[in-house]
Structures are given as structure tokens and as C-alpha cells.
Amino acid sequence: FYDVENARVIDHVEGLRDLEQRMIRMIGDPDLRLREDPIRILRAAKFAGRLDFTIDADLCEAARSHRHDLSKAAPPRVLEEIYRLLSGEGAARSFHWLIELRALEVLLPEIGFEREGFMEILDRLEARTGGDRMAVAQSVLLSVLVWPLVRPVLAATKPCDYERLVLDTIGSITDRLTTTRRDLIRARQCLGAQVRLASEPTGRIARRFCQREFFEEALLLRRLVGPLRDGQGADPLTHWEELTHHAEHQQETARPKRRRRRRRRGGRGRRGRDLSDSAAESKGEPCPNPSESSSAPPRPKRPKRSRDNSSNDDSPPA
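Keep in mind it's a predicted model, so treat the numbers as computed, not measured.

A few words now on the overall build of the protein chain. Scanning the protein chain from terminus to terminus reveals 16 helices and 4 strands. Out of the 318 residues in the protein chain, the part that is buried amounts to 38%. Partitioning the contacts of the protein chain with sequence separation of at least 6, the portion at a separation of at least 24 is 74%.

Structure follows, in C-alpha cells:
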């Protein structure tokens, strides 16, 4: 707390000392606080990675003891914290702490985050986002998260339905984390597109592929995760980027052709109006009387019925 009148900090938990020591410490009993909310394990790793701090030994021990309680937490809260870890500053350090606390063994036991250069991918992702949560779509974050599991499957498989293969590979993870349908579909498309981005772009098919709605996110994922297979010679990423810039330049320079409206002269208009010169000259003249302009005889008027007042007697009708 800050005392405004006396201009002093009131510190009941010795937090200033922890700041000087660059230490993450739990206020109160760590066992009790983590039993109340196991998501605090993820938040401790997030702050330690973002601030480049160290986690207190008592908190580390309590986090390892209560890591299985993470499976009882609400999946949307867990997924949101994972997205914040991926898109925030110090993402690689945060995941190092999650590995140290053995939390990933409970959340994502299928993925081995220590292989496939995952920490280097997180460094490139941090350089891309700059710590901004909204700088990268959630579908790209989800694709980065499952990339260590998907890459060996895509690299070792012959041509097939890659999107279906990706869905079968990550289905158990996305069901556990309850990802949204939109993010799952877009992540499946971006991951499946890495097989096509691993080869040189040729022909009209490559130009059409650049026009797909998920292509920009797929290309961003390709920049983050690197080539699908190692030792294949020149990286085709440069050619895909050149093709993309060329397609964007064509879209900017191409202007829609305006259809020139042809002026009608004479004859009748679209709705049957007489647009001839004689009709134009007669414009403004008074409208002739219908009786004068018509050659048919006038229609006789019907006589009005007269009301007989003499029949207002009391005698009954005949």
C-alpha cells in the first residue's frame, strides 16, 4: 500500500525485499493457496518468465505436489493462460519453468517441448508479438503449441489428406483444452499447409493457394517454425514471399473497369418513354382534355335516384 500523506510504502508481506531479490513468492501458505486455485501454478511461471525472476523453493515444491489439480481446473481458464504464456514476453522462460514444475506433464503429456527447437520458436514468436496479446491470432498460437507433435507426423507421411491427419493427431489435446471450432479449423488448415510450403511454388495452383483466406496465417506459421524437413537444400520460403508480394501488388494496381453508360438518342427509353425530338419539343405543353383528344363518344351519365317524400305515410306497402 502507498500512504499518500506521508509518502511511504506500507509493506505487510515483505514484497519490496522480494522485488530486490527478484523472487516470486506466494502470499500465505503455498499448499493452501494452490489447493484453492491450481491456475496459480501457471501464473507463477508466467510472471517468473516475463520478469525474469526466480520462484521460491517452497512454492516450487507446492506446485509440484499440486500439479495434478490442474486437470480439475476449468479448461477455458487453462487455455487462456497458455495463450498468455505463448504471446507474452519471456515465453521461452515461462515454458522452462512449466517444465521445471512438471505442470506440462499434466496439461500436455503428448507433447515433448524439449525437442524440435520449440524454445527457439518461442523466441521468434516473442520477437513477432512484442508481448502484445492481440498481435497474433489464436489459431497461430495453437499451431505453435502443437507443432512439436505435428511436425514428425507431417514430415514422415506420404501425400494424403494432411488436414485430416493433423486433426487426428491433435484431437485429444484440443478436446481436453476445449478450443473453439474456428481456431481448430484454422489451425488445422495452417498446419496442413506446411507440406505445400515445403516445396517450390509453381504454376497457377500456387497462385490460387496464395489467395486462400488462411494463407497469411499459414505463411506466418512457416516463418516461426522453420522448414518442415531439414537438409533439403534451398529454403522455398523466399519464393513464396516473392509470389505473395507479386500477388498483392497486382491486387493494388488492378482497378475495376467502370462500365461506360451509353447515351440514348431518339427512340424509346428503358421504360417506354418517347425520347424523340418531337417528344422533347412537346415537353412543357398543357395536357389536352381527354374529351377533345378522344374520338369515342362520351359515356352517358347515369341519372340520380330521387327520394320520394310522399311515401312517408303509415300505410303498409302494397
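The discussion continues.
What follows covers helix α12 (residues 203-210). For α12, the complete set of buried residues consists of A206, F209 and C210. Along the axis of α12, the buried residues cluster in a sector spanning 100°; they form a single face. Exposed residues lying more than 90 degrees from the buried face of α12 are R204, I205 and R208.

What the largest pocket holds in volume is close to 250 Å³. Taken together, V13, G15, D18, L19, M23, I24, R25, M26, I27, G28, L51 and F53 make up the lining of the largest pocket. Breaking the lining of the largest pocket down by element, the ones donating at least two residues are α1 (15-21) and β3 (23-24). Of the residues forming the lining of the largest pocket, the biggest block, 3 residues, is contributed by α1. By residue class, the composition of the lining of the largest pocket is 8 nonpolar, 2 polar and 2 charged.

Another point: unusual backbone geometry. One non-glycine residue with positive phi stands out, namely R22, at about 55°. Secondary-structure assignment places R22 in the loop between α1 and β3. Positive phi is not limited to glycine here, since D52 has a value of about 60°. Note on placement: D52 falls in the loop between α3 (40-51) and β4 (54-55).

Before going further, it helps to examine the pattern of salt bridges. Between side chains of opposite charge, a pair can form as their charged atoms come close. By the definition in use, this model includes 22 salt bridges. A salt bridge links R67 to E105, with the shortest nitrogen-to-oxygen separation between them at 4.0 Å. Remark: E105 occurs in helix α7 (residues 104-107) and R67 occurs in the loop between α4 (57-65) and α5 (75-87); sequence separation between them is 38 residues. With a relative accessible area of 13%, R67 lands in the buried category.

All chains considered together, the criterion is met by 5 aromatic pairs. Aromatic pair F209 and F214: ring centres 6.1 Å apart, planes at 75°, arrangement edge-to-face. Among the residues examined, F214 registers a relative accessible area of 3% and is labelled buried. With 5.5 Å between their ring centres and 85° between their planes, F209 and F215 make a pair best called edge-to-face. Assigned by exposure class, F209 and F215 land together as buried. Through successive ring pairs, a cluster of aromatic residues spans F209, F214, F215 and W240. Directly above the aromatic system of F47 lies the positively charged group of K46, at a separation of 5.0 Å from the ring centroid. The cationic tip of R196 hangs over the ring face of F209; the distance from NZ or CZ to the ring centre is 4.6 Å.

Moving on to a nonpolar patch on the surface. On the surface, Y2, V4, V9, L16 and L19 cluster together into a nonpolar patch covering about 530 Å² of accessible area. Following the sequence through the fold, L16 ends up in helix α1. Owing to a relative accessible area of 43%, L16 belongs among the partly exposed residues under this scheme.

Our focus in this paragraph is the environment of V166. Among the secondary structure elements, V166 is positioned in helix α10 (residues 162-177). Along the backbone, V166 and V146 are 20 residues apart, and their C-alpha atoms lie at a distance of 9.8 Å. If near-sequence neighbours (up to four positions away) are discounted, V166 is found in contact with V150, L154, R188, L191 and G192.

Let us look at the side chain of D18. Summarising the element assignment, D18 is placed in helix α1. At 2.8 Å, the side chain of D18 and the side chain of R25 are in polar contact.

Analysis parameters
Residues numbered from 1 in each chain as written. Predicted model: local features only at pLDDT ≥ 70, side-chain atom pairs only at ≥ 80, totals over all residues. Heavy atoms only, no water. Helix = DSSP H or I, 4+ residues; strand = E, 2+ residues; numbered from the N terminus. Buried < 20%, exposed > 50% of the residue type's maximum accessible area, 1.4 Å probe, protein only. Contact = heavy atoms within 4.5 Å. Arc of directions from axis to C-beta. 1 Å grid on protein atoms, 1.4 Å probe; cavity = no way out; pocket = protein on both sides within 12 Å on 5 of 7 lines; lining within 4 Å. Points joined across faces, edges and corners; volume = space filled by probe spheres on them. Nonpolar A, V, L, I, M, F, W, Y, C, P; charged D, E, K, R; others polar. Salt bridge = Lys/Arg side-chain N within 4 Å of Asp/Glu carboxyl O. Phe/Tyr/Trp six-rings, centres within 6.5 Å; stacked < 30°, edge-to-face > 60°. Lys NZ or Arg CZ within 6 Å of the ring centre and 35° of its normal. Patch = residues over 30% accessible without salt bridge, like charges linked within 9 Å, V, L, I, M, F, W, Y side chains within 5 Å. Areas by Shrake-Rupley, 256 points an atom, 1.4 Å probe, with all protein chains shown as cover. Polar contact = N/O pair within 3.5 Å; in protein donor to acceptor, adjacent residues only side chain to side chain.

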